[in-house]
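Descriptive analysis of the structure
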Amino acid sequence: MKRVLVAGATGYLGGFVARELAARGYFVRALARSPEKLDPLRDSLDEIVEAEVTGPETLERVCDGIDAVFSSVGITRQKDGLTFRDVDCQGNKNLLDVALRAGVEKFVYVSALGGPKLRHLDIVDAHEAFVDELKASGIGYAVLRPTGYFSDMGELLSMARKGRVWLIGSGENRVNPIHGADLAVACADAIEGEATEIEVGGPETMTWNDAAALAFEVLGRPARITRVPEWLMWPMVRLVRLFDRHQGELLAFFTTMATTDVVAPSTGTHTLEALFDRG
Ligand SMILES: NC(=O)c1ccc[n+]([C@@H]2O[C@H](COP(=O)([O-])OP(=O)(O)OC[C@H]3O[C@@H](n4cnc5c(N)ncnc54)[C@H](OP(=O)(O)O)[C@@H]3O)[C@@H](O)[C@H]2O)c1
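Right, let's walk through the structure included here. The residue numbers shown here count from 1 along each chain, following its written sequence. Selection of residues for local features in this predicted model requires a pLDDT of at least 70, selection of side-chain atom pairs for listing and counting requires 80 or more, and totals for whole chains, interfaces and linings are taken over all residues. As a rule here, side-chain values cover all heavy atoms of the structure and leave hydrogens and water aside.

1. Some details on the overall build of the protein chain
- In terms of helices and strands, the protein chain carries 9 helices and 11 strands.
- The globule rule is 2.2 Å times the number of residues to the power 0.38, and the radius of gyration it is compared with is taken over C-alpha atoms. Relative to the compact-globule value of 19 Å for 279 residues, the protein chain shows a C-alpha radius of gyration of 19 Å, a close match.
- Viewed in the frame of its principal axes, the protein chain has a C-alpha envelope of about 55 × 40 × 35 Å.
- Partly exposed describes any residue whose relative accessible area lies between the buried limit of under 20% and the exposed limit of over 50%, with all areas from a 1.4 Å probe on protein chains only and scaled to the type maximum. For the protein chain, the residues scored as buried account for 51% of the 279 residues in total.
- By definition in these notes, contact holds between two residues if any of their heavy atoms fall within 4.5 Å. In the protein chain, once contacts between residues fewer than 6 apart in sequence are set aside, the share between residues at least 24 apart is 75%.
- A 1.4 Å probe and the Shrake-Rupley method give the accessible areas. Residues count as covered only by the protein chains that appear here. Carbon and sulfur atoms form 51% of the exposed surface of the protein chain, whose accessible area is close to 12,700 Å². Each helix corresponds to a stretch of at least 4 residues labelled H or I by DSSP, and each strand to a stretch of at least 2 residues labelled E; elements are numbered beginning at the N terminus.

Here's what the structure looks like:
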């Protein structure tokens, strides 16, 4: 495996994956709809192709000469007017079709921890519907199922800076969030290895209360945490869904993640304290 197409390289995880693959000596081609967003990554990239996974006509040649595709394309916070189905499922399916036609050997994709059990949530169902397509396609594949990303945990520090952290639920559920660089190592290993389903989390397991308290500790401020009870969240989810299905589904996802334990086999070295310390 020497030539990899990275789709999603302008995003949080994809950027770290491109860097990790370059460090391992791979030829890295990045797919981006806004190539200028790849400027910070230029040293890690051998080629850039401008394409959009939701526009199949732009994808025609993106997999030519490629051995493996890695995709972390997803629509968590983008406001494009597209649905999770449009991007997470159909967009990645468009890319898979092109990979199959080009004779790519392996497709590595990122879903979420517990995905198969969370298909009542639109965002997870869209990921898992693509996983179904991937498994049925006959291509070599690996699916990573990570816990929460450090990029989301940074939100706790931002709230702490403003003086108060808002948590969903009791704050007593546990999570072992993972830094993009640590997850990128697991993604690169998945390209090289035989495992097809990989659950992965970071090195430290903590409660949301602990994580919020740490944010205040690093800032040297007294902890001010407000917990919104879970019973209040679900009517809110239903209300938001009425007006904006996408935002309602995101709220449902974050409520579920905050009120269940999200703990996977741990890997990596990056700590939350170091993330908060760097600000
Ligand atoms: N955040 C978490 O805690 C978490 C946990 C588990 C799993 N995941 C999943 O992991 C994946 C990666 O997450 P992330 O945080 O790295 O996401 P991210 O930072 O939002 O990056 C998403 C990437 O997808 C690209 N994209 C979106 N729509 C596109 C389109 N129509 N055509 C081409 N590219 C498109 C974005 O490109 P642009 O820059 O052009 O928008 C960006 O490169 C997502 O599927 C997410 O659901 C996230």
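Further notes follow.
2. Topic: the nonpolar core
- Formed by 63 residues in total, the largest nonpolar core has its most connected members in Leu31, Val62, Leu95 and Phe107.
- Ignoring sequence-local partners within four residues, the contact set of leucine 31 consists of Leu5, Val6, Ala7, Gly8, Ala9, Val49, Ala51, Val53, Leu59, Val62 and Leu95.
- Residue types Ala, Val, Leu, Ile, Met, Phe, Trp, Tyr and Cys, when buried and joined through side-chain atoms within 4.5 Å, form a set referred to as a nonpolar core. Residues Ala30, Val110, Ala186 and Val200 belong to the second largest nonpolar core, which totals 31 residues.

3. Remarks on the site of the ligand
- Note on terminology: near, applied to a residue and a molecule or strand, indicates that one of the residue's heavy atoms is within 4 Å of it. Residues in close proximity to the ligand total 26 residues, the closest being Thr10, Tyr12, Arg33, Lys37 and Tyr149.
- At 2.7 Å, a side-chain N or O of arginine 33 approaches an oxygen atom of the ligand.
- Interatomic distance of 3.2 Å between a backbone N/O atom of valine 53 and a nitrogen atom of the ligand.
- Protein chains bury 90% of the 910 Å² of accessible surface belonging to the ligand in isolation.
- For the shell around the ligand, the secondary-structure elements that each account for two or more residues are helix H1 (12-23) and helix H2 (84-101). By the criterion applied in these results, polar contacts are pairs of N or O atoms within 3.5 Å in which, for protein atoms, one can donate a hydrogen and the other can accept it, and in which residues neighboring in sequence qualify only through two side-chain atoms.

4. Digging into the packing of H2 against helix H3 (residues 122-137)
- At their nearest, the axes of H2 and H3 sit 8 Å apart, and the two run at 15 degrees to each other. In this view, H2 runs roughly parallel relative to H3, as classed from their interaxial angle. The way H2 lies across H3 gives a crossing that is right-handed. For the pair H2 and H3, the contacting residues are Phe84, Arg85, Asp88, Cys89, Asn92, Lys93, Leu96 and Leu100 in the first and Asp122, Ile123, Asp125, Ala126, His127, Ala129, Phe130, Glu133, Leu134 and Ser137 in the second. Angles shown run from 0 to 180 degrees and are taken between the N-to-C directions of axes, each axis being a line fitted to C-alpha atoms and, for helices, limited to the stretch in contact. These descriptions rest on fixed angle ranges, namely under 35 degrees for roughly parallel, over 145 for roughly antiparallel, 65 to 115 for roughly perpendicular, and the rest for oblique. In a left-handed crossing the near helix is turned counterclockwise from the far helix by less than a right angle, and in a right-handed crossing that turn is clockwise.

5. Digging into helix H4 (residues 150-162)
- A helix is expected to span 1.5 Å multiplied by its residue count minus one. Under the 1.5 Å per step criterion, the end-to-end length of H4 is 19 Å for 13 residues, consistent within 8% with the ideal 18 Å.
- Residues of H4 that are buried include every one of Phe150, Met153, Leu156, Leu157, Met159 and Ala160, and no others. Projected down its long axis, H4 carries its buried residues within an arc of 160 degrees, all on one side.
- In this fold, the buried residues of H4 make contact with H1, strand E7 (165-168), helix H6 (208-219) and helix H9 (272-278).
- Downstream of H4 by a residue or two, glycine 163 has a phi angle that is positive, lying close to 115 degrees. The directions considered for the arc are those from the helix axis to the C-beta atoms.

6. Details of the pairing of strand E1 (residues 3-7)
- With respect to burial, E1 is a largely interior element, 4 of its 5 residues being buried.
- Pairing geometry for E1 and strand E2 (residues 27-32), over 5 bridges, is parallel. If you follow leucine 5 over to E2, its bridge partner there is arginine 29.
- Of the crossover connections in this fold, the one passing from E1 over H1 to the parallel E2 is right-handed.
- Pairing between strands is defined by DSSP: at least two bridges between them are needed. Judged from the 4 bridges that link them, E1 and strand E4 (residues 68-71) form a sheet pairing that is parallel. Paired with valine 4 across the bridge in E4 is alanine 68. Viewed with both strands pointing away, a crossover whose connecting path from the first strand over the helix to the second turns clockwise is right-handed.

7. With respect to the packing of aromatic side chains
- Any Phe, Tyr or Trp ring, taking Trp's six-membered ring, that has another such ring centre within 6.5 Å forms a pair; planes under 30 degrees apart are called stacked, those over 60 apart edge-to-face, and the others tilted. Applying the stated rule across the entire model yields 5 aromatic pairs.
- The interplanar angle of 35 degrees and the centroid separation of 5.9 Å between the aromatic rings of tyrosine 12 and tyrosine 149 together place this pair among those described as tilted. Of the two residues, tyrosine 12 sits in helix H1 while tyrosine 149 sits in the loop between strand E6 (140-146) and H4, which places them 137 residues apart along the sequence.
- Seen in terms of ring centroids, phenylalanine 107 and phenylalanine 130 are 5.5 Å apart; in terms of plane orientation they differ by 55 degrees. Their pairing is tilted.

8. Here we look at the side chain of asparagine 94
- Counting through the fold element by element, asparagine 94 comes out in helix H2.
- The buried category is assigned to asparagine 94, whose relative accessible area is 10%.
- Engagement of the side chain of asparagine 94 in a polar contact is seen with the backbone oxygen of valine 53, the distance being 2.9 Å.
- Those residues in contact with asparagine 94 that lie beyond four places of it in its chain are Val53, Thr54, Pro56 and Leu59.

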